[in-house]
Amino acid sequence: MNVYVSRSLQTFRGALICNFSYGSFIKPLRNKTLLLNKFIVVKSRLNSSLCNKSCSLTFDSIRRFDYKYGCCRFYTTNNTNIAIEPNEWMTLSFYSFNLNVQLSLEKLRENMLNKLEEMGLVGRIYIATEGINAQVSCPKEKLEELRKYCDEELNLKGTDFNFSTYHVKAFRKLNVKIRKQIVADRLESGSYDLSKQPVYLTPEEWHEVLSNSKESPILIDMRNQYESEVGYFVNSIRPDVDTFRDSIKAMNEICEGKQNEKIYMYCTGGIRCSKAGAILLSNGFKSVYMLKGGITAYGRFIMENPSIISLYKGRNFTFDKRLGEPITDDIVSQCHSCGKPCGAYTNCRNKTCNLLFIQCEECKIRLKRTCGTDFCFQLVHTWDEKYGRPSTFDDVKPGLECVYDHIHRTRPKLVIKRLGGTTANISTDIIPDIIKQKDKQMKK
């Protein structure tokens, strides 16, 4: 009995973390093979010069080989123990504006990649001189090891792990990136003091304050417009913005002349409010409050207290493959394709478009999970007719640059004709050339 390691494998130092299924190896071994000690890499179109070489198995070489020849498949040839992908993942986030380590950012990045990959983590981590911002999925059995690493090597004792309400492997691999800021505001250096933090209200305190408020408080949603479209706190002010920098501008306009009033704000996990609150307090505001742990923490509070009526309605948008986690069953948005109530985001299957939009299940079938523009639908239809549609990872990648900038890619109203979109799309005349190019690539 062999263990089949799928295309979506993740490789790490010391272990192979992979999707797998058990079954007999039924493909004939006429494919060219490359022996890596206890493993065989099987690939029908593998470069012939490589096929005549053998090399020792190291996890670094496996990782490099997989990156370069991404469609290889790995099979065990004996009873070698393989670390199988965990059955249980925990999706969580954490951040701190006080990253006190002796290493340079480059050395810190290398250290984090080494240690976190050994634990099997996947996710997105930003590090900068101002701190760290992490969203990860961690194997459940490695949570204590992750906590210990954060406390002892990153000096993050007291930094909470903010656990999601919906746990899956939400990322494909681990990325640790060095940034100028962990939350980009593009303000002048020194224009505010990050040590001036707002008052952190626990979800229970937040709920009590908003429930018992006699007048509608100044409650600001610090997220982008596409995030707040699928869920929000009742009576909140939801600016029509596309970036955090725009949110700061909108916040300043909303709060102008209200330095002595109480300001409440919330976001996905809290990091944007920590910075926004510091900006207000640095500019003379007296009473600024934020939801500790953001909507994610409030969602856990509601799940743990089912008798409480949630003040948040809908879903909490997330920047990972889930594209959202449930907070309540309320549907506060509509399918961008047909107008029916729907709260689920998706991306257009055509990666040249990659539009982020809301689409119901009926329209996903009818439009093949495209945004419905002529180019996207016809390309995907032609692609499926010729190459078939896989049950998973069905994105179509024509090899062209994305036709939309960030703003257009997250504003379906500018693109989808039913919503009044007028943005020009690619001509369908180039589809035959795209298919020809794909055929040439497959023949190489």
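Conventions we followed
- Residues numbered from 1 in each chain as written.
- Predicted model: local features only at pLDDT ≥ 70, side-chain atom pairs only at ≥ 80, totals over all residues.
- Heavy atoms only, no water.
- Core = buried A, V, L, I, M, F, W, Y, C linked by side-chain atoms within 4.5 Å.
- Buried < 20%, exposed > 50% of the residue type's maximum accessible area, 1.4 Å probe, protein only.
- Helix = DSSP H or I, 4+ residues; strand = E, 2+ residues; numbered from the N terminus.
- Contact = heavy atoms within 4.5 Å.
- Arc of directions from axis to C-beta.
- Phe/Tyr/Trp six-rings, centres within 6.5 Å; stacked < 30°, edge-to-face > 60°.
- Lys NZ or Arg CZ within 6 Å of the ring centre and 35° of its normal.
- Salt bridge = Lys/Arg side-chain N within 4 Å of Asp/Glu carboxyl O.
- Pairing = 2+ DSSP bridges.
- Axes fitted to C-alpha atoms, helices over the stretch in contact; angles between N-to-C directions.
- Parallel < 35°, antiparallel > 145°, perpendicular 65-115°, else oblique.
- Left-handed = near helix turned anticlockwise from the far one by under 90°.
- Nonpolar A, V, L, I, M, F, W, Y, C, P; charged D, E, K, R; others polar.
- pLDDT = per-residue confidence, 0-100.

For the protein chain, the name recorded in an unreviewed UniProt entry is Rhodanese domain-containing protein, with Rhizophagus irregularis as its organism.

Chemist: Sorry if this is basic, but what is going on with the nonpolar core here?
Modeler: Across soluble globular proteins, you tend to see nonpolar side chains buried next to one another. Counting residues in hydrophobic clusters, the biggest one holds 26 residues, and the most contacted among them are Ile 220, Met 222, Met 251, Ile 263, Met 265 and Leu 280. Elements supplying a minimum of two residues to this core: strand E9 (122-128), strand E14 (218-221), helix H7 (244-255), strand E16 (262-266), helix H8 (271-281) and strand E17 (287-291). If you tally residues by element for this core, the top one is H8, at 6 residues. Every residue in contact with Met 251, bar those within four places of it in the chain, is listed here: Ile 220, Met 222, Met 265, Ala 276, Ile 279 and Leu 280. Core analysis: the second largest hydrophobic core is formed by 25 residues, Phe 94, Leu 113, Ile 127 and Leu 174 among them.

Chemist: I tried to follow the side chain of Ser 247 on my own but got confused; where do I start?
Modeler: Among the structural elements, Ser 247 can be located in helix H7. In this view, Ser 247 contacts Met 222, Arg 223, Asn 224 and Val 241; residues no more than four positions away in its chain are not counted.

Chemist: Mind showing me how you'd approach helix H5 (residues 203-212) here?
Modeler: For the α-helix, the turn length of 3.6 residues means that residues three or four positions removed from each other point alike. Within H5, the full set of buried residues consists of Pro 203, Trp 206, His 207 and Leu 210. Down the axis of H5, the buried side of the element spans an arc of 95°, and every buried residue falls inside it. Seen from the open side of H5, the exposed residues pointing more than 90 degrees away from its buried face are Glu 204 and Asn 212. Its buried side turned inward, H5 meets strand E13 (199-201), E14, strand E15 (231-233), E16, E17 and helix H9 (294-304).

Chemist: Please clarify how the packing of aromatic side chains should be interpreted in this entry.
Modeler: Where two aromatic rings form a pair, the distance of their centres and the angle of their planes describe that pair. Under the criterion given, the structure shown has 16 aromatic pairs. Measuring from ring centre to ring centre gives 6.3 Å for Phe 161 and Phe 163, while their planes differ by 80°; the resulting arrangement is edge-to-face. Given a relative accessible area of 23%, Phe 163 falls into the partly exposed group. When the ring of Phe 317 is compared with that of Phe 319, the centres are 5.1 Å apart and the planes differ by 85°; the resulting orientation is edge-to-face. Note on Phe 319: relative accessible area 38%, which makes it partly exposed. One aromatic cluster in this structure is built from Trp 206, Phe 233, Tyr 264, Tyr 266, Tyr 289, Tyr 298, Phe 301 and Tyr 312. The cationic tip of Arg 238 hangs over the ring face of Tyr 232; the distance from NZ or CZ to the ring centre is 3.7 Å. Across from the ring centre of Tyr 387, 5.9 Å away, lies the NZ or CZ of Lys 438, which sits over that ring.

Chemist: Explanation requested: the pattern of salt bridges in the structure shown.
Modeler: Tallied over the full model, the rule gives 21 salt bridges. Across the pair Glu 88 and Lys 140 runs a salt bridge, and its minimum N-O distance is 3.4 Å. Linking Glu 88 in the loop between strand E7 (73-76) and strand E8 (89-96) with Lys 140 in the loop between strand E10 (131-139) and helix H4 (143-152), this pair joins segments that are 52 residues apart in sequence. Looking at Lys 140, the relative accessible area reads 42%, which means it is partly exposed. Residue Arg 369 is joined to Asp 395 by a salt bridge in which the shortest nitrogen-to-oxygen separation is 2.8 Å. One end of the pair, Arg 369, is in the loop between helix H10 (361-366) and helix H11 (374-387); the other, Asp 395, is in the loop between H11 and helix H12 (406-409), and 26 residues separate them in sequence. In this structure Arg 369 comes out as buried when scored by relative accessible area, which is 14%.

Chemist: Could you clarify how one ought to interpret the sheet that holds E15 in this entry?
Modeler: Sheet strands pair by backbone hydrogen bonding; their relative direction is either parallel or antiparallel. The strand order across the open sheet built from 3 strands is E15-E18-E19, with neighbouring strands paired in antiparallel fashion. At either margin of the open sheet sits one strand with a lone partner, and together these are E15 and strand E19 (325-326). Packed onto the sheet, H9 meets E15, strand E18 (312-316) and E19 and runs at close to 115° relative to E18.

Chemist: Whenever I open this one, the packing of helix H3 (residues 105-119) against H4 confuses me. Can you help?
Modeler: Packed helix pairs are characterised by how far apart their axes lie and by the angle those axes make with each other. Remark: H3 packs on H4, axes separated minimally by 10 Å, with the N-to-C direction vectors making an angle of 165°. Taken together, the axis directions place H3 and H4 in an arrangement best described as roughly antiparallel. The two elements H3 and H4 cross, and the hand of that crossing is right-handed. Along its contact with H3, which presents Asn 111, Met 112, Lys 115, Leu 116 and Met 119, the element H4 presents Glu 145, Leu 146 and Tyr 149. Class assignment for the residues of the contact of H3 with H4 results in 5 nonpolar, 1 polar and 2 charged.

Chemist: Looking at this model, I keep getting lost on the packing of H11 against helix H13 (residues 431-443). Mind explaining?
Modeler: At their nearest, the axes of H11 and H13 sit 10 Å apart, and the two run at 35° to each other. Here the hand of the crossing between H11 and H13 comes out right-handed. Between H11 and H13, the contacting residues are Phe 375, Gln 378, Leu 379, Thr 382, Trp 383, Lys 386 and Tyr 387 on the first element and Ile 431, Ile 434, Ile 435, Lys 438, Asp 439 and Met 442 on the second. Broken down by class, the residue content of the contact of H11 with H13 amounts to 8 nonpolar, 2 polar and 3 charged.

Chemist: Please clarify how the sheet that holds E14 should be interpreted in this entry.
Modeler: Strand order in the open sheet formed by 4 strands is E13-E17-E16-E14, and the pairing between neighbours is parallel. In this open sheet, the two strands that pair with only one neighbour each are E13 and E14. On average, each strand axis in the sheet is tilted by 30° relative to the strand beside it, whichever way the strands run. Bridging between E13 and E17 involves 3 bridges; their strand directions are parallel. Across the sheet, residue Val 199 finds its bridge partner in E17, namely Tyr 289. Relative to E16, H8 is tilted by about 160°, and along the sheet it contacts E13, E16 and E17.

Chemist: Any chance you could explain the confidence of the model for the protein chain here in plain terms?
Modeler: Parts of the model with low pLDDT should not have their predicted coordinates read in detail. With 80% of its residues at a pLDDT of 70 or more, the protein chain has an overall mean of 83. In the model, residues 1-84 has pLDDT below 50 throughout and makes 143 contacts with residues more than four positions away in sequence or in other chains.

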